[in-house]
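Residues per chain are reported as follows:
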Amino acid sequence: MAEQLKDIYEKYVKPLPTADRLRLLDMAVHDLALIAQQEPKNRSILELHGLGKEIWQGMDAQKYVDRLREEWDRKP
């Protein structure tokens, strides 16, 4: 693929006048900028902070851990 791109550049782009090459470059930059805006952004694990906290409201942490341990002890 890289060789094909080099051939295209040598055959079609390089012979163009400088102004046309700059215009072509500008078109490519704008096209790539639009694509970059549409791509999903990287997410942060910190966005999950506090998610589902209502599930734990009123729950005693030690009682919950004790219940889990009892369940683990009963499993074969």
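A brief structural summary.

**Examining the packing of aromatic side chains**
- One pass over the full model with this rule turns up one aromatic pair.
- Ring plane angle 80 degrees and centroid distance 5.0 Å describe the contact between Trp 56 and Tyr 64, whose orientation is recorded as edge-to-face.
- For Tyr 64, a relative accessible area of 27% corresponds to the partly exposed category.

**Examining helix α4 (residues 61-74)**
- Taking 1.5 Å of rise per residue, 14 residues should cover 20 Å, and α4 covers 20 Å from first to last C-alpha, within 8% of that figure.
- Sitting at the head of α4, Asp 60 places a side-chain oxygen 3.3 Å from the backbone nitrogen of Gln 62.

**Observations concerning the pattern of salt bridges**
- Considering all chains together, one arrives at three salt bridges under this definition.
- Among the salt bridges present, the one from Glu 47 reaches Arg 43, with a minimum N-O distance of 2.3 Å.

**Some words on the environment of Met 59**
- Its location among the elements puts Met 59 in the loop between α3 (53-56) and α4.
- A sequence separation of 16 residues divides Met 59 from Arg 43, and the C-alpha atoms of the two residues are 30 Å apart.
- Those residues in contact with Met 59, other than ones at most four positions away along the chain, are Tyr 64 and Arg 67.

Calculation notes
- Residues numbered from 1 in each chain as written.
- Predicted model: local features only at pLDDT ≥ 70, side-chain atom pairs only at ≥ 80, totals over all residues.
- Heavy atoms only, no water.
- Phe/Tyr/Trp six-rings, centres within 6.5 Å; stacked < 30°, edge-to-face > 60°.
- Buried < 20%, exposed > 50% of the residue type's maximum accessible area, 1.4 Å probe, protein only.
- Helix = DSSP H or I, 4+ residues; strand = E, 2+ residues; numbered from the N terminus.
- Expected span 1.5 Å × (residues − 1).
- Polar contact = N/O pair within 3.5 Å; in protein donor to acceptor, adjacent residues only side chain to side chain.
- Salt bridge = Lys/Arg side-chain N within 4 Å of Asp/Glu carboxyl O.
- Contact = heavy atoms within 4.5 Å.

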